[in-house]
Amino acid sequence: MPTRQEAPLPSRGRRIPEHYWGYLLLAPAVAMVLALILYPVIYSGWLSFHFKHAYLPLQTFIGLENYRELLLDGDGFWRSVYLGAIYGFGSTILQIILGLSAALMLNESFFGKALMRGVALFPYMVPTVVVAILMKWILNDAYGILPYVMDNLGIGRILWFGSDWVMVTVILVSTWTFFPFVVIGTLARLQTIDPELYSAAKVDGAGVIRRFWHVTLPQLANVLFVVILLRTMFMFTKFDVIWLITGSGGIGFYTKTLPIHTFMKTFGELQVGAGAALSMMMFLMLVVFALIYFKLYKRDEHI
Amino acid sequence: MNARLKKILSRISFYIGVATFALFCGFPMIWMVLTSIKPDGDILRATPVFWSWDTHLDHYRNLFDQTDFLIYFVNSITVATSATLLTIVIATLAAYGITRFRFTGREYIAGGMLFTYMFAPILIVVPFYILMKNYGLINTKLGLVLAYTTFSLPFSMWLLRSFFQSIPLDLEEAAMTDGASRPQAVVRVIVPLAFPGVIAVSIFTFIVAWNDYLFARVLTSANDMKTLPIGMNDLYNATITDWGMMMAGGVVVTVPALVFFIMIQRYLISGWGAGAIKG
């Protein structure tokens, strides 16, 4: 049908050629995206070759100096990459496990299923700032309900915001609030799996677990591929949850992932050039990750 | 008999799983609401009180009387609404242009717009800040509106495009043979038909603007420019935490997002693959 839609309309009076209208109508949208997304990214690349202060009008071209410095900065850059990887992969894996389990459960038929599907999306709807403050309350050392319950169950107390546990806490909170993304993605696909496949597997004597491995998982492969890619990229660049829970000082040191490090370099130490270099490194890492990921997936497909 | 018992047992354990899951998802919010209506004496207890017999709305009153929460609330509404209106206008024009006209590079533009959605906010915030500073847009609502509009444009355009594609051209032509000009035909015939799409786009943009912390943090510092996420966080950091009041604030910030989310749910689910939900 597309050709039908594009047929020229009856001409009326003086006319501007059709295709100009297309450009004209798109112009504001394209201009905004070019000016406020694409240009900043290129500008960021340019800034990364400079020493630039956030407020003072200092700007000197220093070539690759920013990159050299950050690559030699073990306690700052490399540590933040390491922590970022723990956070990114840790929370993504948990989200996939939890989200997939929830989707499998919500795909069964049971009483109150429609309501549960709504409830499953709850954590995703709460604004991040509220998630952070609410979890600080629930996990509060003195008055929090979870430490109290865990105490009474004999699990004992955990210092959720102590240096040993704060990374775990941030990962768990992120998992709680973002796993519905995985549910939404996989549930939609689960519903379209042909029930015949399950009956056939049942006839062959496959139990629940084998049906999951040999029927469900292969069918979900494509969706999971996209979901894992998106989640990893989103989590690796996640700023607000971590920042709102731990902040810049104190325990923030133990959760200083690459996005936090970038933010603090730029707006804490006011070194915009170095911050821009960090942004570019983050972008590069995402591209490399995506390329490797696609390559691995393609190889898997051929087998 | 044994098989039947096994079946019943597995059914029961399944429902226990469902109940646990419901608690896991829903309890934090229930606890937030309960805390927000409890007197301080019941909030600050080593043994938490689930339900207080002395519930009141004092925390909500304090929030609006003793803090600048109302200013933040109005700012958030203003910024989110402006960004939404601007997005609708620009995205509608673009989506119409891209579905109804044939021109070179059309597919590239559509694809490129979606690709930009992959740039995470943290990657853009540094240069974005410098740009806004150069144009004198720091501490203005306009700066925030521009940021949120740009971020929601690619998805909004993509969603509206799929709506426009489903509207037959004949309807537009019929209106035009009846003497309507093309803009009239679009406004009276096409936009009403694509209305669900327009609503979905509005709510999506509104939520983006309503929830954002990073850009609001970087682009504003004056107290009378703060939006809710900034205001909430600064209130939390400012003094010894008044948990009842913070939870009341949490409820007030969450409710609009929750209501809009429920309204938009089915569009999000159909559109998630193209980056409908980011974050």
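Reading the values: rules and limits
- Counting restarts for each chain, with residues numbered from 1 along the sequence as it is written.
- The lettering of chains begins at A and the numbering of ligands begins at 1, in the order of writing.
- Reporting of local features is limited, given that this is a predicted model, to residues whose pLDDT is at least 70; pairs of side-chain atoms are given and counted only at 80 or more, and all residues count toward the totals for whole chains, interfaces and linings.
- In computing side-chain properties, one takes all heavy atoms of the structure into account and sets aside hydrogens as well as water.
- To define axes, lines are fitted to C-alpha atoms, for helices over the stretch in contact only, and angles between the resulting N-to-C directions are given on a 0 to 180 degree scale.
- Strands are runs of DSSP state E lasting at least 2 residues, helices are runs of H or I lasting at least 4, and numbering of each runs from the N terminus.
- An angle below 35 degrees is read as roughly parallel, one above 145 as roughly antiparallel, one from 65 to 115 as roughly perpendicular, and any other as oblique.
- Crossing handedness follows the turn of the near helix against the far one: under a right angle anticlockwise gives a left-handed crossing, and clockwise gives a right-handed one.
- Residues are sorted three ways: Asp, Glu, Lys and Arg are charged, Ala, Val, Leu, Ile, Met, Phe, Trp, Tyr, Cys and Pro are nonpolar, and all the rest, Gly among them, are polar.
- The criterion used for residue contact is that any of the two residues' heavy atoms lie within 4.5 Å.
- We define buried area as the total accessible area lost by two parts upon association, computed with a 1.4 Å probe and summed across both.
- Each polar contact in these results corresponds to two N or O atoms within 3.5 Å; when the atoms are within protein, one needs to be able to donate a hydrogen and the other to accept it, and residues that are neighboring in sequence are counted only if both atoms are side-chain atoms.
- For patch detection, residues must exceed 30% relative accessible area and be free of salt bridges, and they are connected within 9 Å for like charges or within 5 Å for nonpolar side chains (Val, Leu, Ile, Met, Phe, Trp, Tyr).
- Under the convention used here, a 1.4 Å probe and the Shrake-Rupley method define accessible areas, while residue burial counts only the protein chains that appear.
- For this analysis, a salt bridge means a side-chain nitrogen from Lys or Arg found within 4 Å of a carboxyl oxygen belonging to Asp or Glu.
- We call Phe, Tyr and Trp rings a pair once their centres come within 6.5 Å, taking the six-membered ring for Trp, and we label the pair stacked below 30 degrees between planes, edge-to-face above 60, and tilted otherwise.
- When accessible area is computed with a 1.4 Å probe and restricted to protein chains, residues below 20% of their type maximum are described as buried, those above 50% as exposed, and intermediate ones as partly exposed.
- Both a distance and an angle decide whether a charge sits over a ring: NZ of Lys or CZ of Arg must be within 6 Å of the ring centre and within 35 degrees of the ring normal.
- For a helix, the expected span equals 1.5 Å multiplied by the residue count minus one.

Glancing now at the packing of helix α4 (residues 74-107) of chain A against helix α8 (residues 166-190) of chain A. Residue and element names in this part refer to chain A. Relative orientation of the contacting elements α4 and α8 amounts to 45°, with a least axis distance of 6 Å. By the angle between their axes, α4 is oblique relative to α8. Crossing of α4 against α8: the hand is right-handed. Taken together, the residues that form the contact of α4 with α8 break down as 21 nonpolar, eight polar and no charged.

Right, let's get into the interface of chain A and chain B. One frequently used descriptor of interface size is the decrease in accessible area upon assembly of the parts. Taken together, the contact pairs 94 residues of chain A with 98 residues of chain B. When chain A packs against chain B, the two sides together hide about 8800 Å² of surface, and 78% of this comes from carbon and sulfur. Summed over the shared surface of chain A and chain B, the number is six residue pairs in polar contact (both at pLDDT 80 or more). It is helix α2 (residues 18-47) of chain A that contributes the most residues to the side of chain A that touches chain B, 22 residues altogether. Considering only residue class, the side of chain A that touches chain B consists of 71 nonpolar, 13 polar and ten charged.

What follows deals with the side chain of D234(B). Residues and elements named next belong to chain B. When you line up the elements, D234 lands in helix α12 (residues 228-238). At 2.9 Å, the side chain of D234 and the side chain of K226 are in polar contact. For D234, the contacting residues outside a window of four places in its chain are R217 and K226.

Here we come to a nonpolar patch on the surface. Residues and elements named next belong to chain A. On the surface, a nonpolar cluster with roughly 600 Å² of combined accessible area is contributed by F89, I93, L94, I97, W165, V168 and L172. Of all elements in the fold, only α4 and α8 reach the threshold of two or more residues within the nonpolar patch. The element best represented in the nonpolar patch is α4, accounting for four residues. Here L172 shows up in helix α8.

Our focus in this paragraph is the packing of aromatic side chains. Residues and elements named next belong to chain A. Enumeration over the complete set of coordinates arrives at 41 aromatic pairs over all chains. Each ring, one from W160 and one from W165, has its centre 6.2 Å from the other, and the planes form 65°; the classification is edge-to-face. W165 sits in the partly exposed class, given a relative accessible area of 35%. A cation over an aromatic ring shows up here: R79 above the ring of F253, its NZ or CZ 3.8 Å from the ring centre. Across the ring face of F181, the terminal group of R231 is positioned such that the distance to the ring centre comes to 4.7 Å.

With that out of the way, let us pick up helix α5 (residues 113-125) of chain A. Helix length check: α5(A), at 13 residues, gives a terminal C-alpha distance of 19 Å against a target of 18 Å (1.5 Å per residue), a fit within 8%. Looking only at α5(A), the buried set comprises M116(A), V119(A), A120(A), L121(A), P123(A), Y124(A) and M125(A).

Here we come to unusual backbone geometry. Even without a glycine there, the phi angle at L270(A) is positive, about 60°. Looking at where L270(A) falls in the secondary structure, it is placed in the loop between α12 (258-267) and α13 (272-302). Given a relative accessible area of 18%, L270(A) falls into the buried group. Positioned with a positive phi, N139(B) is a non-glycine residue whose angle comes to about 60°.

Another aspect to go through is the environment of M282(A). Relative to the assigned elements, M282(A) resides in helix α13. Apart from the residues lying within four places of it in its own chain, the contact partners of M282(A) are F236(A), T237(A), L258(A), P259(A), T262(A), I122(B) and L123(B).

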